[in-house]
Amino acid sequence: MNLTEQKIAFVLVVPLIAVAFFVNGYPIVQSFWLSLTDTNLSDLAHYNFVGADNYVNGLNDFFFQRSAIVSIRFVAETTAMVAVASIAIALVLNEKFRGSGLLKVIVIVPWAISEYAVGILGGFFLNANFGLWNGVLTNLGLIKGNTNWLTAQMALDWVAIFYTWNIAPLMSFFILTSLQTVPEDLYKMSRVDGASPFRRFRYVTFPFIRYALLIVLVLTTMAAGSATVIMYSMTLGGPGGATQTATYYSFVQFLQKRQLGYGAALSWYIFIFLIATTMLYFYLLTRRRK
Amino acid sequence: MVRVRLEGVSKKYGSFLAVDKSSFEVDDKEFFIILGPSGCGKSTTLNIIAGLEEPAEGKIYFDEQVVNDIPPEKRDIAMVFQSFALYPNLSVNENIAFPLKIRKRPKEEVRRKVQEAAEKLRIAHLLPKRPYQLSGGERQRVALARAIVREPKLFLLDEPLSNIDAKLRVHMRAELIALQKDLKITTIYVTHDQVEAMTMADRVLVMNQGKIAQMGKPLDVFRKPANLFVAGFIGTPPMNFFPCTMKTSGGKTVLGDTYFSVTLDPARARTVSEKAPNSELVLGVRPQHLSISTSKMDGDSFAAEIFAVEPLGTETIVDIKLGDNVYKAVTSANFSSAIREKVWVQIDPNGMQIFDKKTEMAVA
Amino acid sequence: MVRKSVLGAFVVLIAIWSLTPIYTIVNISLMRMDNVVHIPGYIVPKDPTFNQYFRLFGSDIKTGGVEVGAAEQQFRKFGQYQGLTRGLINILIIAPVVMIITMLAAVPAGYALGRFRIKYRNAYLGILLGSRAIPPVSVVIPYYFLFKSVNLLGNPISLIIADLSITIPIITWILTGFFGSLPRDLEKAARVDGATMSQAFRYAVLPFALPGLGATAVLAFLYPWNEFLNAWLLTGGSVSGQVYNSFMTSFFAMQAVDNLFASAVVIQIIPALVVAAILQRYITRLKIVDPSAVVMT
């Protein structure tokens with residue numbers, strides 16, 4: 001590494017990093033400051049410093065507690081579904097067959113669609129009056145008359161399914177990359193040994209996708225834990241708060257109740273929850289090694 | 001333990017014919033090596049014998065039984081791969097025990113057999129370790145231990161020595177032969193390394209582009225290559241090929257072209273004219289059968305120019321230039337000469353192999 | 001044989017899973033409202049028509065037909081359709097601007113981070129990755145606060161800045177891994193041959209990088225095109241500054257005309273389909289999701 005290269009690199013990189021530092025740092029600092037005040041959207045100039053009040057209120061807020069439970073359920077369902085779906089899709093894409101290139105294009109399509117549009121698609125698909133799901137089930141004779149699927153019991157599951165639909169493709173490509181590192185010989189060996197498909201996955205495939213799966217779990221948790229737009233476009237948080245996740249609730253505080261400070265405090269709880277979950281994953285998936 | 005017989009076995013990948021109507025038989029307790037360059041179909045053949053791939057046509061027999069429809073795990077075979085194929089998150093102990101555990105053998109038996117196999121390969125001290133903690137040579141031994149632990153009736157080894165360093169490879173060759181003779185298990189061994197084939201095999205099968213090029217005892221194959229491919233593939237440095245024609249004048253038959261000519265004994269000349277009349281020929285001579293001198297020698301000798309000299313210590317390889325072609329000759333270690341120097345070359349008549357240029361088959 | 005049919009079944013299942021939701025909305029967008037609400041629903045469009053797509057942009061190829069109801073007249077009267085067209089034009093300007101600025105900033109930085117041994121490299125990378133760790137909702141509130149206090153709400157510049165704050169770090173991150181994975185020998189050879197750093201980049205790196213850079217640029221375009229939260233909050237209040245996504249949501253929140261909404265959404269997702277086809281080949285090479293790719297190269 002000579003001096004000129006170091007200089008050029010410095011010129012190319014440092015300004016951009018400085019900007020990135022600011023755009024990442026500003027919201028963190030600002031949102032933390034806001035969370036300590038009672039700032040209201042209708043009058044930004046006048047606010048009071050309230051200390052930890054917003055955080056204390058958050059803990060006692062029944063609706064926030066409820067939304068936290070909704071969030072945890074949503075994250076758990078989505079993560080489980082994404083893990084299964086992305087591994088299944090990747091295992092299929094890893095096979096050699098005619099049309100596998102086309103299947104790759106088809107698989108990746110849902111990833112390129114915006115979270116907003118995914119929610120709309122979900123709403124249309126399940127629409128109680130004219131949704132395709134009702135149409136198919138009626139035509140198959142499985143249901144009589146149209147059914148409302150987005151009920152308080154099922155709505156969150158359906159949002160999770162459509163969120164999985166949206167993010168599983170990218171995750172599956174990630175798993176696929178790691179699947180391609182599984183040595184061919186090891187597969188052959190396991191067949192000669194007579195290992196069952198389950199054992200083959202456990203002892204041959206899994207060790208090679210384990211790290212990729214960890215990343216998938218982390219990214220999915222981060223994404224699902226902060227998902228907001230899909231709840232807005234698919235169910236508006238309803239019915240009756242059934243799909244109102246913690247992020248959605250903090251968003252509502254901000255947008256409808258105009259309470260910037262309180263909303264910011266709630267988003268800090270979520271942030272901490274996500275970091276804690278991520279660390280748990282790392283612990284669980286790496287402790288075996290030691 | 002078992003005789004293996006292939007009858008007209010073919011395998012296609014799309015339009016690529018990987019194995020083309022292969023038929024051969026491996027004797028009981030034999031150490032049988034399939035030799036060939038990469039992509040010649042040797043690994044595919046092994047996979048078909050293992051049941052890992054289905055042949056497009058043809059039958060595979062274990063003794064008198066057709067095994068085409070028997071899955072690999074029921075063929076009572078064991079395999080060793082180039083990459084050793086150890087289960088990465090199992091310990092050495094668990095790796096060796098794996099094939100037994102899957103077959104639900106009693107715990108005590110598993111423990112005893114794993115111990116025996118490990119001791120046989122001198123890796124008992126490695127049992128608690130994991131594959132990533134082992135060196136290449138140690139992994140190799142674990143893979144072998146796992147193969148012998150089940151006492152299968154057939155060993156299939158796919159380039160098992162390619163991934164370990166050169167010094168260890170020489171050592172492992174001897175050890176593998178000893179192990180095979182000790183266990184008396186029929187062994188089919190695939191390699192691209194002709195030295196391995198020469199040193200280890202009871203019989204060797206040379207494959208090229210999906211076809212059997214030649215089969216026989218290693219020394220027979222070396223001394224009497226059936227075609228240009230085998231002649232060029234076996235032996236280091238490789239055999240020299242002189243394009244030539246046969247001419248008869250004044251009762252003397254000579255092989256030669258612009259730059260050289262050698263006299264052919266009458267019996268051989270007759271064989272050549274019977275088998276390949278008026279053909280363009282190729283004269284194959286191993287570098288060991290070319291002698292070089294700075295002065296003209298008695299008998300047929302011809303002039304050439306030194307192109308390069310490669311001293312190896314025990315011997316010296318001399319590259320000579322004849323027209324536009326370069327040939328190799330093995331000389332004694334103390335041969336010394338300058339580049340571009342003119343030398344005289346003589347071909348040992350006992351080391352001549354004559355091939356038909358068009359069919360590439362040996363003629364005499 | 002069993003294995004093949006199981007695989008075939010999974011292939012079909014995955015294709016259905018991936019395409020059905022898209023099919024459902026295309027299906028609705030091609031039908032008149034009376035057919036849309038028919039029970040049982042039509043799985044294949046009945047009397048398919050592209051009329052909705054024309055109506056979205058203010059013209060009706062079936063003038064005077066049953067489609068022009070009271071709601072329709074209302075939309076026209078208040079110039080709602082022009083709003084949607086306006087939003088489309090706005091995003092078609094904003095997205096390329098975001099893409100170009102992103103690439104101008106990210107290519108040199110990604111190149112330097114990916115190929116040179118720079119001091120504090122891991123710290124820089126950590127800062128870049130930090131942008132992905134914060135939930136979007138946490139970022140939106142401070143940004144809204146910021147732009148409101150400097151009076152830039154409704155101005156496309158606010159949206160461009162907000163989009164760039166996400167795209168530049170992410171694209172730099174991706175390109176760091178990408179440049180790091182390109183072969184280095186030719187570049188070294190060029191330097192030894194006496195090429196300057198920029199010449200070496202131009203002749204020994206760029207030719208290999210171009211397809212990947214194209215794919216990355218497409219990604220940088222897709223982000224603002226798809227982005228909803230910032231678009232809605234930062235430009236939602238302005239008639240002239242609104243982008244397609246934000247106008248669409250406020251428009252159809254008031255007027256539930258499902259087949260029209262469906263066709264508006266189809267227009268929104270068409271670029272996504274194109275992008276998917278383009279990116280499919282690069283998605284593993286670009287290592288869009290793999291944080292380890294950069295640290296390890």
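Residues numbered from 1 in each chain as written. Chains lettered and ligands numbered in written order. Predicted model: local features only at pLDDT ≥ 70, side-chain atom pairs only at ≥ 80, totals over all residues. Heavy atoms only, no water.

**Student:** Explanation requested: the pairing of strand S13 (residues 261–264) of chain B in the structure shown.
**Tutor:** In summary, the side chains of a regular strand alternate between the two faces of the sheet. All names here are of chain B. By the alternation rule, side chains of S13 split into Val262 and Leu264, which are all buried, and Ser261 and Thr263, of which none is buried. Where strand S12 (residues 252–256) meets S13, 4 bridges bridge the pair, whose relative direction is antiparallel. The residue of S13 that forms the bridge with Val254 is Thr263. Counting the residues between successive antiparallel strands, the hairpin from S12 to S13 contains 4 residues. (Buried < 20%, exposed > 50% of the residue type's maximum accessible area, 1.4 Å probe, protein only. Helix = DSSP H or I, 4+ residues; strand = E, 2+ residues; numbered from the N terminus. Pairing = 2+ DSSP bridges.)

**Student:** Would you take a moment to explain the interface of chain B and chain A for this structure?
**Tutor:** By a widely used convention, the size of an interface equals the accessible area lost when the partners come together. Each partner contributes to the interface: chain B provides 24 residues, whereas chain A provides 17 residues. Summing both sides of the interface, chain B and chain A together bury roughly 1,900 Å²; the carbon and sulfur share of this comes to 63%. Considering only the surface of chain B that becomes buried against chain A, Leu52, Tyr87 and Ile102 of chain B emerge as the three largest contributors, covering 28% of it. Counting the contacts that link chain B with chain A gives 0 salt bridges. Here chain B is connected to chain A by 4 residue pairs in polar contact (both at pLDDT 80 or more). (Contact = heavy atoms within 4.5 Å. Buried area = accessible area lost by both parts, 1.4 Å probe. Salt bridge = Lys/Arg side-chain N within 4 Å of Asp/Glu carboxyl O. Polar contact = N/O pair within 3.5 Å; in protein donor to acceptor, adjacent residues only side chain to side chain.)

**Student:** I tried to follow the confidence of the model for chain B on my own but got confused; where do I start?
**Tutor:** Atomic detail in the predicted coordinates should be set aside for any region of low pLDDT. Residue and element names in this part refer to chain B. Taken as a whole, chain B shows an average pLDDT of 88; of its residues, 100% reach a score of 70 or greater. Here S12 stands out as the least confident element of chain B, with mean pLDDT 83; strand S3 (residues 31–35) is the most confident, with 94. In the predicted assembly, ipTM is 0.82 and pTM is 0.79. (pLDDT = per-residue confidence, 0-100.)

**Student:** Looking at this model, I keep getting lost on a nonpolar patch on the surface. Mind explaining?
**Tutor:** All names here are of chain C. Judged by side-chain polarity, Val2, Val6, Phe10 and Leu13 come together as a nonpolar surface patch covering roughly 380 Å² of accessible area. Within the fold, Val2 resides in helix H1 (residues 2–29). For Val2, a relative accessible area of 64% corresponds to the exposed category. (Patch = residues over 30% accessible without salt bridge, like charges linked within 9 Å, V, L, I, M, F, W, Y side chains within 5 Å. Areas by Shrake-Rupley, 256 points an atom, 1.4 Å probe, with all protein chains shown as cover.)

**Student:** In this structure, what is going on with the interface of chain A and chain C? I would like to understand it.
**Tutor:** Counting from both sides, the interface comprises 82 residues of chain A and, opposite them, 90 residues of chain C. When the two sides are added together, the surface that chain A and chain C hide from each other amounts to roughly 7,700 Å², 81% of it contributed by carbon and sulfur. At the surface where chain A touches chain C, the tally comes to 7 residue pairs in polar contact (both at pLDDT 80 or more). A total of 19 residues in the side of chain A that touches chain C trace back to one element, the largest contributor, which is helix H1 (residues 3–35) of chain A. Taken together, the residues that form the side of chain A that touches chain C break down as 59 nonpolar, 20 polar and 3 charged. (Nonpolar A, V, L, I, M, F, W, Y, C, P; charged D, E, K, R; others polar.)

**Student:** What should I look at first to understand empty space enclosed by the protein in this one?
**Tutor:** Empty space among the atoms becomes visible once a probe the size of a water molecule is rolled across them. All names here are of chain B. Counted according to the given criterion, the structure contains 3 cavities of 30 Å³ or more. Considered as a void within the structure, the largest cavity measures approximately 90 Å³ in volume. The wall of the largest cavity is formed by 13 residues, among which Leu144, Phe155, Leu157, Leu176 and Leu179 lie closest to the centre. At the level of secondary structure, the elements contributing two or more residues to the lining of the largest cavity comprise helix H4 (136–148), strand S7 (154–158), helix H5 (166–183) and strand S8 (186–191). Ranked by residue count, the leading element in the lining of the largest cavity is H5, at 4 residues. (1 Å grid on protein atoms, 1.4 Å probe; cavity = no way out; pocket = protein on both sides within 12 Å on 5 of 7 lines; lining within 4 Å. Points joined across faces, edges and corners; volume = space filled by probe spheres on them.)

**Student:** When you look at the arrangement of the chains in this model, what are you seeing that I'm missing?
**Tutor:** Summarising the chain contacts, 2 pairs of chains touch, and the pair with the most contacts is chains A and C. The two units chain B and chain C are non-contacting; their minimal C-alpha-C-alpha distance is 11 Å.

**Student:** Just to check I follow, could you spell out the pattern of salt bridges for this structure?
**Tutor:** Oppositely charged side chains can pair when the atoms bearing their charge come close. This structure, assessed with the given rule, holds 26 salt bridges over all chains. Between Glu77 of chain A and Arg73 of chain A there is a salt bridge, with the nearest N and O atoms lying 3.1 Å from each other. Taken as a pair, Glu77 of chain A and Arg73 of chain A lie in helix H3 (residues 62–93) at a separation of 4 residues, close to a single helical turn. Where Glu109 of chain B meets Arg105 of chain B, a salt bridge forms, and the shortest distance between an N and an O atom there is 3.2 Å. Accessibility expressed as a relative area gives 30% for Arg105 of chain B, which makes it partly exposed.

**Student:** Help me understand helix H5 (residues 115–126) of chain A in this model?
**Tutor:** An α-helix turns once every 3.6 residues. As a result, residues three or four positions apart point the same way. Residue and element names in this part refer to chain A. Taking 1.5 Å as the rise per residue, H5 with 12 residues should run 16 Å; its terminal C-alpha atoms sit 17 Å apart, in good agreement. Of all 12 residues making up H5, 11 are buried, and the element is well covered by its neighbours. Looking only at H5, the buried set comprises Tyr116, Ala117, Val118, Gly119, Ile120, Leu121, Gly122, Gly123, Phe124, Phe125 and Leu126. (Expected span 1.5 Å × (residues − 1).)

**Student:** I'm lost on the packing of helix H8 (residues 184–193) of chain A against helix H9 (residues 197–225) of chain A in this one. Help?
**Tutor:** How two helices sit against one another is set out by the angle between their axes and by the gap between those axes. Residues and elements named next belong to chain A. H9 packs onto H8 with a crossing angle of 170 degrees between their chain directions and a minimal axis gap of 10 Å. Relative to H9, H8 is oriented roughly antiparallel. Seen from H8, the contacting residues are Leu186, Tyr187, Ser190 and Arg191; seen from H9, they are Arg200, Val204, Thr205 and Phe208. Tallied by class, residues from the contact of H8 with H9 come to 4 nonpolar, 2 polar and 2 charged. (Axes fitted to C-alpha atoms, helices over the stretch in contact; angles between N-to-C directions. Parallel < 35°, antiparallel > 145°, perpendicular 65-115°, else oblique.)

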